[in-house]
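Remarks on the overall topology
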Amino acid sequence: RGDKKYPSVREAYYQSSAVLVRLLLLSIVLLGCLIPVIVGGAIFGFGVIAPTGLSGGEKALLGLAAVLAAVPGVLLLARTLWSVFELFVTDKGPLEAISASWRTTRRRTGRSLAVLAALLGFMLALIALPTAALGALAYLTQSVALFVLLQVVISIITLPVGSYYLWGYYSELRRGNQKSI
């Protein structure tokens, strides 16, 4: 009881809930970074992909506008995404973690974008075969359970692999940043 080696139930509760609150606040900021991407996606979806009476030139201009709208969000995300790791590793608050993430990725935004693009490509290749097989089977049988199974398989494949890959790059960023200080 008097042993300070182990936290009390109350201390453990407040310490763990504080991390969840910080993560929730950080998630709201990260979702805010995605607003330009969502706007760009909406412009592209409604203006370029959806059947409209627009000419090819008008669709091309809307496609360009969609890309221009999405670029700031992608750049923000490439610089801010690493704040999730900062939040847990350094026990910082959300704004401090974002600031540390921006300092860590200074002059490395292009590399961070390349890492995220490579991860996206790898994930798409990794899930292509199971998705195609289960998707075709689910479509042919019209089974809702197979659609659910498809989502579970995709999550089981992508979440651990993606997290491991992002953690490895974050660790590399931190080591590079430590050397330059």
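Our subject is the structure that appears above.
Just so we're clear, the structure is a prediction, and the values are computed from it rather than from any experiment.

Any two aromatic rings considered together are summarised by their centre-to-centre distance and by the angle between their planes. Scanning the model with the defined rule gives five aromatic pairs in all. Relative to Y170, the ring of W167 lies with its centre 5.4 Å away and its plane at 40°, an arrangement referred to as tilted. Remark: Y170 and W167 occur in helix α7 (residues 144-180); sequence separation between them is three residues, near one turn of the helix. Taking the relative accessible area as the measure of exposure, W167 reaches 38% and is therefore partly exposed. The exposure class assigned to Y170 is buried, which follows from its relative accessible area of 2%.

Residues L81, W82, F85, V115, L119, M123, L166, Y169, Y170 and L173 constitute the largest nonpolar core, which totals 10 residues. Elements with a contribution of two residues or more to this core: α6 (109-141) and α7. When neighbours within four sequence positions are excluded, L119 is seen to be in contact with G162, Y165 and L166. By size, the runner-up hydrophobic cluster in this structure holds six residues, among which are I127, L134, L150 and I154.

Our next topic: the packing of helix α3 (residues 56-80) against helix α5 (residues 94-104). Running from amino to carboxyl end, α3 crosses α5 at an angle of 100°, the nearest separation of the two axes being 8 Å. In terms of their interaxial angle, α3 and α5 are classed as roughly perpendicular. Contact residues: α3 offers L76, R79 and T80, while α5 offers I98, S101 and W102. Here the residues of the contact of α3 with α5 are counted per class, giving three nonpolar, two polar and one charged.

Definitions and cut-offs
Residues numbered from 1 in each chain as written. Predicted model: local features only at pLDDT ≥ 70, side-chain atom pairs only at ≥ 80, totals over all residues. Heavy atoms only, no water. Phe/Tyr/Trp six-rings, centres within 6.5 Å; stacked < 30°, edge-to-face > 60°. Helix = DSSP H or I, 4+ residues; strand = E, 2+ residues; numbered from the N terminus. Buried < 20%, exposed > 50% of the residue type's maximum accessible area, 1.4 Å probe, protein only. Core = buried A, V, L, I, M, F, W, Y, C linked by side-chain atoms within 4.5 Å. Contact = heavy atoms within 4.5 Å. Axes fitted to C-alpha atoms, helices over the stretch in contact; angles between N-to-C directions. Parallel < 35°, antiparallel > 145°, perpendicular 65-115°, else oblique. Nonpolar A, V, L, I, M, F, W, Y, C, P; charged D, E, K, R; others polar.

Honestly, that's just the spatial picture; any functional story needs more than this.
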